[in-house]
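What the coordinates show
Here is what each chain is made of, one letter per residue.
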Amino acid sequence: MSWTIHDIGDLHGRVALVTGANTGIGRATAEALAAHGTTVVLACRDLAKAERTAAAIRMSGAARQHRDKTKPDPVWRGRDARTTLNEREDLASATRRGRDARASLSHGQYLATTTRRGRDARTRLNEGEATTMGEVVPLHIDLASLRSVRAAAERFRDRFDRLDLLINNAGVMVPPYTITEDGFELQIGVNHLGHFALTGLLLDRLIETEGSRVVTVSSVGHRRGVIDFADLHSRRRYEPLTAYNQSKLANLLFAFALDRRLRGTTTRSLAAHPGAARTELMRHSPWHFRFVVSRRTRWLFSWLIQDEDRAALPTLRAATDPGATDYFGPSGWREFTGTRAVPARPHPKSRDLEVQERLWAESERLTGVTFDAKRGAPR
Ligand SMILES: NC(=O)c1ccc[n+]([C@@H]2O[C@H](COP(=O)([O-])OP(=O)(O)OC[C@H]3O[C@@H](n4cnc5c(N)ncnc54)[C@H](OP(=O)(O)O)[C@@H]3O)[C@@H](O)[C@H]2O)c1
């Protein structure tokens, strides 16, 4: 079944927690969910950055709703759409928690330019039209610290009595060799073990929430991943990309193993990957990688790398499509880019039950978090 971002229905009343939401794909995901009415918790390690992102999302989310309502044709139908927003005079005021949010765009500051059926269509919005978006709430979490993950889960539980969407998105790629305060190599620690612990600590909230979902963000790199149980933390030899690929395979093994454990509840665990996206993930990569993902070389590499809004589509589909299968990625060449989010091909090793269970047991041992999926209502 084909799915577009316009199939995301009204999400008012839902609560989502997105890790690593201050930038990149996490931010784009949070913004889209908030624009559809979800209360979105931005779980980030730099609270000041998260506060700034929350303020920006409140503004741009309202503006985006405005644009989507008036855009004549969606970008995802394989046509090119370009939108420019003059933010200088963009005024948005919102009252949240079920109250009205109003985006007031005056004097034609807002100009959406869309190429449609070979023609240019231009829409100019004048005085504002009422629109609603969800609350955006920053929350501190450092996924490299189990202490911080526990504290974040506690703070979330104190404030929210439901969790509809847990988006395990935050990630770090090819950093210099680092051991976390818990003794984990940074990539397996943040990308997998931190999310494993967070999910376990919030599982009862998820199970109590009818139809909730966990979406874990993996990568095409999982195909080259191997779980090295003898040296999970690369103590003998650290090869940064090998450790990254291991962590991304761990994401998929976890997502599928969790879904199996959740049978008998209304909660599901799914996975997604963004293809190749122009984000800050490559900050530790060699210069030629950074050259390829740079916004300045966008015109040269758009066939290979996509912007974060498009890269967030697979996550959004996994989170919101009622008929979702268990793994989504971009529709294009080698799943690198794509105008649509479609079922993706996980490597068969991610379905290996023995490896899934071994990793699960090791993750419980290392984090001290055990899962009790038996408490939910029947699915
Ligand atoms: N970009 C791609 O081409 C690509 C391809 C395949 C998969 N992915 C996956 O997509 C996900 C999002 O990555 P992205 O491309 O959007 O990269 P990004 O722009 O670098 O965003 C990563 C986010 O994770 C956060 N983060 C890193 N370490 C953290 C920690 N210890 N605790 C809490 N948050 C932490 C970062 O926070 P700070 O800003 O504070 O550092 C940032 O918000 C990752 O799981 C990545 O593996 C990306």
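Data block above holds the structure.
Anyway, here's the lowdown on the structure attached to this text. Keep in mind that what you see is a predicted model, and the values were worked out from it rather than measured. (Residues numbered from 1 in each chain as written. Predicted model: local features only at pLDDT ≥ 70, side-chain atom pairs only at ≥ 80, totals over all residues.)

A few words now on the overall build of the protein chain. If you tally the helices and strands in the protein chain, you get ten helices and 14 strands. Sorting the 379 residues of the protein chain into buried and exposed places 49% on the buried side. Residue pairs in contact within the protein chain that sit at least 24 positions apart in sequence constitute 75% of those at least 6 positions apart. (Helix = DSSP H or I, 4+ residues; strand = E, 2+ residues; numbered from the N terminus. Buried ≥ 20, exposed ≤ 12 C-beta atoms within 10 Å, placed from the backbone. Contact = placed C-beta atoms within 7 Å.)

This part covers the site of the ligand. In the vicinity of the ligand, 30 residues are found, and the nearest of them are Gly20, Gly24, Gly171, Ser219 and Thr279. Ranked by the residues each element gives to the shell around the ligand, the list is headed by helix α1 (residues 24–35), at three residues. Of the residues assigned to the shell around the ligand, the class counts are 14 nonpolar, eleven polar and five charged. (Near = placed C-beta within 6 Å. Nonpolar A, V, L, I, M, F, W, Y, C, P; charged D, E, K, R; others polar.)

As a further point, take the sheet that holds strand β9 (residues 136–140). Judged by pairing direction, the sheet is mixed, and its eight strands sit side by side in the order β9-β2-β1-β10-β11-β12-β13-β14 without closing on themselves. Two strands lie at the open edges of the sheet, namely β9 and β14 (341–343), each paired on one side alone. Taking each pair of neighbouring strands and ignoring which way they run, the sheet shows an average axis angle of 25°. Strand direction decides the pairing type here: strand β1 (residues 15–19) and strand β10 (residues 165–168), joined by three bridges, are parallel. Each bridged residue has a counterpart across the sheet, and for leucine 17 the counterpart in β10 is leucine 166. Running over the sheet, helix α5 (residues 240–261) touches β11 (213–217) and β12 (268–272) and is turned about 155° from β12. (Pairing = 2+ DSSP bridges. Axes fitted to C-alpha atoms, helices over the stretch in contact; angles between N-to-C directions.)

Before going further, it helps to spend a moment on the environment of tryptophan 333. Structurally, tryptophan 333 is set in the loop between β13 (327–330) and β14. Residue tryptophan 333 is classed as exposed on the basis of its C-beta count, with 11 C-beta atoms lying within 10 Å. Sequence separation between tryptophan 333 and leucine 304 is 29 residues, and the spatial gap between their C-alpha atoms is 8.5 Å.

Along the polypeptide, arginine 290 turns up in helix α6 (residues 287–293). Under the C-beta neighbour-count criterion, arginine 290 is labelled partly exposed, with 14 such atoms within 10 Å. Each C-alpha atom of the pair arginine 290 and threonine 279 lies 9.7 Å from the other, and the pair is eleven residues apart in sequence.

Attention now goes to α1. Helix length check: α1, at twelve residues, gives a terminal C-alpha distance of 17 Å against a target of 16 Å (1.5 Å per residue), a fit within 8%. Taken across its twelve residues, α1 has twelve buried, putting it largely inside the fold. All of the buried residues in α1 are Gly24, Ile25, Gly26, Arg27, Ala28, Thr29, Ala30, Glu31, Ala32, Leu33, Ala34 and Ala35. Residue glycine 37 follows α1 closely and has a positive phi angle near 105°. (Expected span 1.5 Å × (residues − 1).)

Before going further, it helps to spend a moment on the nonpolar core. Counting 93 residues, the largest nonpolar core has Leu42 and Ala43 as its most contacted members. Per-element tally for this core: the top contributor is helix α4 (residues 186–208), with twelve residues. In this structure leucine 42 touches Val18, Ala21, Asn22, Ala30, Ala50, Thr53, Ala54, Val136, Val137, Pro138 and Leu139, once residues within four positions along its chain are discounted. (Core = buried A, V, L, I, M, F, W, Y, C linked by C-beta atoms within 7 Å.)

So, to be careful, I would describe these as geometric facts and stop short of saying anything about function.
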